[in-house]
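# Notes for the structure review
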Amino acid sequence: MENIDFYSLFQGVGTMVASGWFLATVRVVLIMLGFLLIYLGRKGVLEPMIMIPMGLGMIAINCGTLIMPGGGMGNLFLDPMITDTDELMNVMQIDFLQPVYTLTFSNGLIACFVFMGIGTLLDVGYLLQRPFVSIFLALCAELGTFLTLPIASSMGLTLEESASVAMVGGADGPMVLFTSLVLAKHLFVPITVVAYLYLGLTYGGYPYLVKMLVPKRLRAIKMTAKKAPKNYDSKVKLAFAVILCALLCFLFPVASPLFFSLFIGVAVRESKDSMKHVYDFISGPLLYGSTFMLGLLLGVLCDAHLLLDAKILKLLILSIIALLLSGVGGIIGGYIMYFIKKGNYNPVIGIAAVSCVPTTAKVAQKIVSKENADSFILSEALGANISGVITSAIIAGVFTSIIPLL
Amino acid sequence: MLNLLLSTLGMMGLTFAIGFFVAGIIKAIANWADLFAFYKLHQLEILSLKKTSRPLEKTVPGFVAMPKNDIYKEKHRKVSHFLNETFHSLKPRRRITA
């Protein structure tokens, strides 16, 4: 009995002591952050579907570090840094989340599943009603994506790393995951974790940005429509999905898995009369199951050892810059439309062009309804929102095709 | 750095160009849908006009069917006559009410 070491018996505490004060502090901070994410997710300040599993994953991975048979520190969840196939096969039999990570996360499949689910939520009729205005707003809302690229490069990141972190400005998780996978695989884990963490913050942070940049008088604008909105037939929407998928895949084969995933979702939605079970599966179990697993994996990837990259602080700063600038760009686009339409346009719609579907559209409607209960902007906001997904996909294609050539 | 700024501007321009091209295609799809809906709406009228011209061929002895172009001219003439009639009948009434 005398030989039993307390730290060997309770290895979570033992590794905390053995890892040194700095790593131990980071682990404690991440555990506290996990608690905070769960609390904010539960309260509805952040997206609960991602934040609750992510927060719990963060807590579990940082508490559950143990001494591995080789003597080093590790865990029984997953090891994202393995590249050797033989070793990977061994780890897959031990770490319970390794198969999910290797077979769905690290190849972007989970991003494609989420995109299919998002596709089933999109009513492209809003985009068909006013394509130029929606796309214009979405292009303005990509300001952060473009400006962060030179900023990141001036901070010492390579062009590939800069482009990967700049994609956070597009506010589209699957796009960030995909771009960093193609351009900067070594930073794939921290960039994706930071991106999803911040994307959750858009729900809580953007309302303050809008209130800061748009005065109350303009937030309360009630738009009057000259023509009654058209309702497009599902055949037209299906044709839209097919033509646009073909066109974008033709232009950017690099991002074709994402285009395909998005438009197959739209196609299934528009054929739901004949594909009801498939529609129910993609819009329900596939979307929510993938989102849950994504949250879980993101949490488990928040291992202190893994995130202690010298570049992590830069990534944290650059990601928030990208998202802020994109929000500002969207609002500038909203103001431009306000002046073009001679005051008959609510500039708040611009924030919905930051493509975090459908969060930013909901945020825009919530802000406007607070100021003027009669003002209904959700259809315009959703049009801009959907365009945001398309422009993010275009930029992902542009970056992955052009950046390696520079 | 200047090179990077120029490349970024170039990529931005390319994205805007592709974005507006995509918007143009979406607009074309929407216009095509409107046109199709318009045609479908008026298809019934065209069919009914065709039906009204058919009995003439059967009942009137020695009736010679007009070539297709003439049928359309005739339809056009009928529609314009109807419109003129309506317009002229409305005009005085408007004046009276004014």
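Residues numbered from 1 in each chain as written. Chains lettered and ligands numbered in written order. Predicted model: local features only at pLDDT ≥ 70, side-chain atom pairs only at ≥ 80, totals over all residues. Heavy atoms only, no water.

Per an unreviewed UniProt entry, chain A goes by Sodium ion-translocating decarboxylase, beta subunit and derives from Odoribacter laneus YIT 12061. The record held by UniProt for chain A lists under Subcellular location (unreviewed entry) the comment "Cell membrane". (UniProt positions renumbered as here; feature names shortened; annotations may be inferred.)

Scanning chain B from N- to C-terminus turns up two helices and zero strands. Expressed as a percentage of its 98 residues, the buried residues of chain B come to 14%. On chain B, roughly 7,900 Å² of surface is accessible, and the fraction owed to carbon and sulfur atoms is 68%. (Helix = DSSP H or I, 4+ residues; strand = E, 2+ residues; numbered from the N terminus. Buried < 20%, exposed > 50% of the residue type's maximum accessible area, 1.4 Å probe, protein only. Areas by Shrake-Rupley, 256 points an atom, 1.4 Å probe, with all protein chains shown as cover.)

A word on a positive patch on the surface. Residue and element names in this part refer to chain A. Together, Lys211, Lys362, Lys366 and Lys370 line one region of the surface with positive charge. It is helix α21 (residues 359-371) that provides the largest number of residues to the positive patch, a total of three residues. Along the chain, lysine 366 turns up in helix α21. Accessibility expressed as a relative area gives 58% for lysine 366, which makes it exposed. (Patch = residues over 30% accessible without salt bridge, like charges linked within 9 Å, V, L, I, M, F, W, Y side chains within 5 Å. Salt bridge = Lys/Arg side-chain N within 4 Å of Asp/Glu carboxyl O. Lys, Arg positive; Asp, Glu negative; His and termini not counted. Charge placed at Lys NZ, Arg CZ, Asp CG, Glu CD.)

All names here are of chain A. Contact pair helix α9 (residues 131-140) / helix α22 (residues 378-402): the axes reach a minimum separation of 8 Å and the direction vectors enclose 60 degrees. Viewed along their axes, α9 and α22 adopt a mutual orientation that is oblique. With respect to the hand of their crossing, α9 and α22 are arranged in right-handed fashion. From α9, Ser134, Ile135, Leu137, Ala138 and Leu139 reach across to α22, where they touch Gly383, Ala384, Ser387, Gly388 and Thr391. Along the lines of polarity and charge, the residues of the contact of α9 with α22 split into five nonpolar, five polar and no charged. (Axes fitted to C-alpha atoms, helices over the stretch in contact; angles between N-to-C directions. Parallel < 35°, antiparallel > 145°, perpendicular 65-115°, else oblique. Left-handed = near helix turned anticlockwise from the far one by under 90°. Contact = heavy atoms within 4.5 Å. Nonpolar A, V, L, I, M, F, W, Y, C, P; charged D, E, K, R; others polar.)

By rolling a water-sized probe across the atoms, one finds the places where empty space is left. Of the voids in this model, the largest pocket is the one considered here, and its volume is about 790 Å³. Lining the largest pocket are 25 residues, with A:Arg130, A:Ala225, A:Lys226, A:Lys227 and A:Lys341 sitting closest to its centre. For the lining of the largest pocket, the secondary-structure elements that each account for two or more residues are α22 of chain A together with α1 (2-59) of chain B. Here the lining of the largest pocket gets three residues from one element, more than from any other, and that element is α1(B). Looking at side-chain class alone, the lining of the largest pocket contains eight nonpolar, six polar and 11 charged residues. Its volume calculated, the second largest pocket comes out at about 530 Å³. Lining of the second largest pocket is provided by 26 residues; of these, A:Glu47, A:Thr291, A:Val357, A:Pro358 and A:Thr359 occupy positions nearest its centre. Listing elements by their share of the lining of the second largest pocket, those giving two or more residues are α4 (48-63), α7 (109-121), α12 (173-183), α13 (188-213), α17 (276-300) and α21 of chain A. At five residues, the largest contribution of residues to the lining of the second largest pocket is made by α13(A). Taken together, the residues of the lining of the second largest pocket sort by class into 17 nonpolar, six polar and three charged. Viewed by domain, the lining of the second largest pocket spans two of them, domain 1 (4-82) and domain 2 (118-242 + 308-403) of chain A, each represented by three or more residues. (1 Å grid on protein atoms, 1.4 Å probe; cavity = no way out; pocket = protein on both sides within 12 Å on 5 of 7 lines; lining within 4 Å. Points joined across faces, edges and corners; volume = space filled by probe spheres on them. Domains from an automatic or database assignment.)

Residues and elements named next belong to chain A. Entries for chain A in the domain assignment read domain 1 (4-82) and domain 2 (118-242 + 308-403). Here domain 1 and domain 2 have C-alpha centroids that lie 32 Å from each other. Contact residues are listed per partner, giving 13 residues for domain 1 and 10 residues for domain 2. In this assembly, domain 1 packs against domain 2 so that about 860 Å² is buried in total across both faces, 83% of it on carbon and sulfur atoms. For domain 1, the biggest contributors to the area lost against domain 2 are Leu46, Glu47 and Met54; these three give 35% of the whole. Between the two partners, domain 1 and domain 2, sit zero salt bridges. (Buried area = accessible area lost by both parts, 1.4 Å probe.)

All names here are of chain A. The residue methionine 116 is located in helix α7 in this model. When the C-alpha positions of methionine 116 and glycine 265 are compared, they lie 4.5 Å apart, and in sequence the two are 149 residues distant. Apart from residues no more than four positions distant in its own chain, methionine 116 is found in contact with Ser261, Ile264, Gly265, Ile282 and Leu286.

With that settled, the discussion passes to the interface of chain A and chain B. Taken together, the contact pairs 34 residues of chain A with 26 residues of chain B. Broken down residue by residue, the surface that chain A buries against chain B is led by A:Phe132, A:Leu139 and A:Phe146, which jointly contribute 23%. Counting across the chain A and chain B interface gives zero salt bridges. In this structure, the connection of chain A to chain B is made through zero residue pairs in polar contact (both at pLDDT 80 or more). Those elements that provide at least two residues to the side of chain A that touches chain B are α8 (125-129), α9, α10 (143-154), α15 (234-251) and α22 of chain A. (Polar contact = N/O pair within 3.5 Å; in protein donor to acceptor, adjacent residues only side chain to side chain.)

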